[in-house]
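Examining the three-dimensional arrangement
What follows is the residue order along each chain.
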Amino acid sequence: MFARFIPMTTQVPGDALVSLNAVNKHYGQLHVLKDINMNVRKGEVVVVIGPSGSGKSTLCRAINRLETIDTGEISIDGKKLPEEGKELARLRADVGMVFQSFNLFAHKTILENVTLGPIKVKGLSKAEADKEAMALLDRVGVGHQAPKLPAQLSGGQQQRVAIARALAMKPKVMLFDEPTSALDPEMINEVLDVMIQLAKEGMTMVVVTHEMGFARKAADRVVFMADGQIVEDATPEEFFTNPQSNRAKDFLSKLLTH
Amino acid sequence: MDVIIENLPLYWEGFLRTLFLSVVSGVIALAVGTLLAAARVSPIAALRGFSMAYVEVVRNTPLTIAFFFSAIVLPRLGVTFQQFEVAAIIALSAYTAAFVAEAVRSGVNSVPLGQAEAARSIGMKFSQVLSLIVLPQAVRSVVPPLINIMIALVKNSSVAGAFFVLELFGYGRQLANANGDQVLMVLIGVAFFYLLITVPLGIVASTVERKVAIAR
């Protein structure tokens with residue numbers, strides 16, 4: 001395990017777009033993140049998997065400080081995550097986030113959902129933002145839904161809008177927190193297809209998911225978490241064919257028996 | 001009945017003063033209450049604490065105490081007013097703001113937290129999250145309770161009559177003293193003019209409620 005762990009963490013630090021250094025977090029007594037060290041290079045797709053309660057969602061949310069951490073350091077593109085305030089807002093604009101429950105703005109149309117950030121945060125003109133947003137919506141295949149409200153769309157369509165909304169900010173890195181877990185099976189693929197396309201285009205991505213197919217197809221690295229720790233960090237090929245730890249073997253065997 | 005008709009100008013005067021007190025205090029209370037609610041959900045702990053303490057103290061003490069404070073204690077502390085109306089407006093808006101804050105806060109809580117997180121994650125500042133995402137959606141569920149609060153405010157303004165402010169209830173008391181034999185009619189007249197303000201408010205409330213029901 002360590003043999004393959006070491007090359008990953010000894011990469012050139014300047015190369016890391018997202019860097020977590022000795023990160024710890026507790027929920028009361030529960031130690032949810034235990035001394036997490038992780039680097040994500042530019043253009044890399046890292047898939048985080050693990051049993052529920054392993055801390056993988058918390059890890060993902062900590063990267064744009066939707067969760068605070070107790071100790072340690074998280075940096076994005078060399079800049080340390082600041083405390084609450086303007087500085088943090090600016091940094092968050094560079095980190096796209098896609099949630100399990102889509103979280104589209106219910107009172108805004110699909111188009112407005114995508115243009116709100118560029119207009120209000122980046123100061124784009126409405127015409128400019130509309131144009132870019134339509135291009136993004138077409139790209140994720142929901143352009144014809146632009147004037148509708150989120151509630152009028154299917155889950156899969158809503159999630160693709162959420163991806164477009166995040167992309168509209170032209171983020172340096174995209175975080176996906178179980179993006180397909182709330183979707184019906186037939187809608188999962190339409191979202192995964194968009195994500196795979198994104199990965200191919202060179203977007204830096206951290207994806208928390210249970211979709212092993214996606215991990216095999218699109219991931220550069222698989223990070224396996226259990227009980228708040230990173231247990232394995234390997235290429236998908238290595239991880240799925242030859243897991244090193246018992247914890248990972250156990251996890252994979254349970255997946256395969258279904 | 002004669003006593004009402006004979007004193008119609010006095011009633012009208014009182015009605016306008018009550019309306020004035022209610023509208024001015026209502027507007028201030030809405031603004032202050034919304035700020036208190038924003039403070040209550042802000043990321044700054046000191047603001048949250050202040051807002052919570054204010055709301056709990058003011059909401060749980062009688063309105064008369066608020067009036068005593070602004071009409072008697074504030075002047076002693078060097079805050080003096082030319083007219084008691086100002087004291088009444090301070091007391092009424094300070095008191096009502098606490099209730100507004102609670103109503104707005106419950107409306108804010110009715111908006112799923114995930115939307116606020118999504119707004120933060122595209123780089124919005126706290127004030128933008130609140131004004132662009134949370135409050136516009138909170139309004140739907142907040143308007144009916146807010147109108148109840150405004151109706152209570154209109155009625156509460158009668159307390160000002162006891163603090164040398166002439167408004168509807170104050171004039172009513174004068175009339176009742178002057179016409180000891182027709183107190184019932186005098187008070188029915190007073191009640192009628194209160195209803196003139198509060199009933200339309202109630203109608204607005206039910207209209208809004210219907211509209212919101214359709215929007216959902």
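Residues numbered from 1 in each chain as written. Chains lettered and ligands numbered in written order. Predicted model: local features only at pLDDT ≥ 70, side-chain atom pairs only at ≥ 80, totals over all residues. Heavy atoms only, no water.

So, the overall build of chain A
Applicable threshold: Runs of H or I in DSSP of at least four residues are treated as helices and runs of E of at least two as strands, each being numbered from the N terminus. Radius of gyration: over C-alpha atoms. The globule rule applied is 2.2 Å multiplied by the number of residues raised to the 0.38 power. Should any heavy atoms of two residues lie within 4.5 Å, those residues are counted as being in contact. The Shrake-Rupley method, run with a 1.4 Å probe, gives the accessible areas here. Residue values count only the displayed protein chains as cover. Charged residues are defined narrowly, with Lys and Arg counted positive, Asp and Glu counted negative, and His plus the chain ends left uncounted. By convention, charge coordinates are those of NZ in Lys, CZ in Arg, CG in Asp, or CD in Glu.
A tally of regular secondary structure across chain A gives ten helices and ten strands. On C-alpha atoms alone, chain A measures out to a radius of gyration of 18 Å, which is about the 18 Å that the 2.2 N^0.38 rule sets for 258 residues. C-alpha extents for chain A along the principal axes are approximately 55 × 45 × 35 Å. Relative to all contacts within chain A whose residues are 6 or more apart in sequence, the contacts with residues 24 or more apart total 65%. When the accessible surface of chain A is split by element, carbon and sulfur atoms take 51% of a total near 11,300 Å². Positive and negative charge centroids in chain A, built from 31 and 31 side chains respectively, lie 3 Å apart.

With respect to the pattern of salt bridges
What counts, and what does not: We define a salt bridge as a side-chain nitrogen of Lys or Arg found within 4 Å of a carboxyl oxygen belonging to Asp or Glu. Remark: exposure states derive from per-residue accessible area (1.4 Å probe, protein chains only) relative to the maximum for the residue type, with buried under 20%, exposed over 50%, and partly exposed in between.
Tallied over the full model, the rule gives 22 salt bridges over all chains. Two residues, Asp94 of chain A and Lys172 of chain A, come together in a salt bridge whose shortest N-O distance is 3.6 Å. Taken as a pair, Asp94 of chain A in the loop between helix H3 (86–93) and strand E6 (95–98) and Lys172 of chain A in the loop between helix H6 (155–167) and strand E7 (173–177) lie far apart in primary sequence, 78 residues in all. Residues Arg105 of chain B and Glu102 of chain B are paired through a salt bridge, measuring 3.2 Å at the closest nitrogen-oxygen approach. Here Glu102 of chain B and Arg105 of chain B lie together in helix H5 (residues 84–110), a separation of three residues that amounts to about one turn. Judged by its relative accessible area of 16%, Glu102 of chain B falls in the buried class. Here the salt bridges share partners, and the residues they tie into one network are Arg40, Glu56, Arg59, Glu102 and Arg105 of chain B.

Looking at the sheet that holds strand E3 (residues 45–49) of chain A
All names here are of chain A. Short version of the rule: Whether two strands pair comes down to DSSP finding at least two bridges between them. To define axes, lines are fitted to C-alpha atoms, for helices over the stretch in contact only, and angles between the resulting N-to-C directions are given on a 0 to 180 degree scale.
The six strands lie next to each other as E6-E7-E8-E3-E9-E10, forming an open sheet whose pairing is mixed. Pairing within the sheet leaves two strands with one partner each, and these edge strands are E6 and strand E10 (229–234). Recorded for the sheet is a direction-independent mean angle of 15° between the axes of neighbouring strands. Relative to strand E9 (residues 221–226), E3 runs parallel, the two being bridged by four bridges.

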